[in-house]
Amino acid sequence: MAYNLLKGKKGIIFGALNEMSIAWKVAEKCLEEGAQIVLTNTPLSIRMGKVEAFAEKNHIPLIPADATNVEDLNHLLEESMRHFGGKIDFILHSVAMSLNVRKKRSYDDLDYDFLQKTLDISAISFHKVLQCAKKLDAINEWGSVVALSYVAAQRTMYEYNDMADAKAMLESIARSFGYIYGREKKIRINTISQSPTMTTAGSGIKGFDSLVDFADRMSPLGNATAEECAGYCICLFSDLTRKVTMQNLYHDGGFSSMGMSYRAMHQYNKSFDTEKD
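Residues numbered from 1 in each chain as written. Predicted model: local features only at pLDDT ≥ 70, side-chain atom pairs only at ≥ 80, totals over all residues. Heavy atoms only, no water.

### Remarks on the overall build of the protein
A tally of regular secondary structure across the protein gives 11 helices and six strands. Scaling as 2.2 N^0.38, a compact globule of 277 residues should have a C-alpha radius of gyration of about 19 Å, and the protein matches this with 19 Å. Counting all 277 residues of the protein, 49% fall into the buried class. Taking the intrachain contacts of the protein between residues at least 6 apart in sequence as the baseline, contacts between residues at least 24 apart amount to 76%. Total accessible area computed for the protein in this model is approximately 13,900 Å², and 52% of it derives from carbon and sulfur atoms. (Helix = DSSP H or I, 4+ residues; strand = E, 2+ residues; numbered from the N terminus. Rg over C-alpha atoms; globule rule 2.2 N^0.38 Å. Buried < 20%, exposed > 50% of the residue type's maximum accessible area, 1.4 Å probe, protein only. Contact = heavy atoms within 4.5 Å. Areas by Shrake-Rupley, 256 points an atom, 1.4 Å probe, with all protein chains shown as cover.)

### Quick word on the packing of aromatic side chains
In total, this model carries five aromatic pairs according to the counting rule given. Ring centres of F90 and F237 lie 4.4 Å apart, and the angle between their planes is 20°; on these two criteria the pair is classed as stacked. Taken as a pair, F90 in strand β3 (residues 88–93) and F237 in helix α10 (residues 226–237) lie far apart in primary sequence, 147 residues in all. Residue class for F90 comes out buried when judged on its relative accessible area of 0%. (Phe/Tyr/Trp six-rings, centres within 6.5 Å; stacked < 30°, edge-to-face > 60°.)

### Some details on the nonpolar core
If you look at the biggest cluster of nonpolar residues, it comprises 31 residues, and the most contacted ones within it are F14 and F126. Those elements that place two or more of their residues in this core are β1 (10–14), α4 (70–84), β3, α6 (112–135), β4 (139–149) and α7 (163–185). By residue number, the principal contributor to this core is α6, which donates six residues. When residues no more than four places from it in sequence are discounted, the contact partners of F126 are H93, V145, A147, L170, I173, A174 and I189. V26, C30, V51 and A226 belong to the second-largest nonpolar core, a separate cluster that totals 30 residues. (Core = buried A, V, L, I, M, F, W, Y, C linked by side-chain atoms within 4.5 Å.)

### A closer look at the sheet that holds β4
With respect to topology, six strands assemble into an open sheet ordered β2-β1-β3-β4-β5-β6, the strand pairing being parallel. A single partner strand is all that each edge strand has here, and the edge strands are β2 (36–40) and β6 (248–251). Strand after strand, the sheet turns through a mean of 20° between neighbouring axes, direction not considered. The pairing of strand β5 (residues 188–194) with β6 spans four bridges and is classified as parallel. Looking at the pairing, T191 lines up with N248 of β6. Its contacts with the sheet place α6 against β1, β3, β4 and β5, and it is angled at close to 170° to β3. (Pairing = 2+ DSSP bridges. Axes fitted to C-alpha atoms, helices over the stretch in contact; angles between N-to-C directions.)

Shown next as C-alpha cells:
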C-alpha cells in the first residue's frame, strides 16, 4: 500500500545490485511512494547485477560511480541535479565490502591493505558522499541521508571481522557530519542497524545462514526483511521524520535489546540432547 510519502521528492540510491539487495527494495518503494530517483553503482557491479534492466524498465537514470572516488561522486551529483532540474532530497548509502571476509582472514590475522579497502569502501565513502554533496550544495534543506549499518558496530559478532570496525566508523561519521549538516543546512543524517539480511553479499559469508537463523530466534518480532527495511528508509526520507538526525536506528525485530530468548535457549538445549544421543 502506497501513501505518497515521497511525492515530489528526488533522490539517489547507491548499491542496488539485484532483487535481493536492500537498495533495490528501497528503489522500488521510492517509486511506489511518488519519488523520482537516480540509481548508481560501480561499473563492475552494474555489469554483474540486474540494475541496468531495472533502470531501463522504470525509465530511471543509471549513473556509474565508484563511491570511493571523489571525481565520480561529483559527476554523479552534478548529473543527478541536471536530470532533476535542481537539488535532491534524499540519498541512500548501501555500500559495503571486505576482502578480509571474502578471503577468510581472521580478525587477528588481517591483511592491512584489505583493511584500508574495507574502511574506504564501507565507511569513508559515506564521508566522501556527504562532503561532495555539501560542497556542491546538492541537497535541499530538510533533506535526508541514510546509510545501512549492523549491530556488530556495538557488539562482537562471530566472523563479522573488520566490517564491524567499518560499521562503527560509518555510524560515527553520521553523528559528526550530522551535526555540521544539520546546523548549517537542516539536513538530517542517520544510520539504520538492520537485521542480518540474505543479500547477495551476505549469502557469500561463511555461516551467514546460521547467523540469520540465530537472530530470528532471538528477536521477539523476528528478523526484519529487506522490503521492511525499505519501508523504514522511506519513513526517514519523508517529512514525517524531520527532527530525527545523528541517530543509529535499530531495525532488527528487537534483537539489539535481547539477552536470551526462549527459542534460542530451546535450540541451545537441544544441542546437548543431541550430544547425549
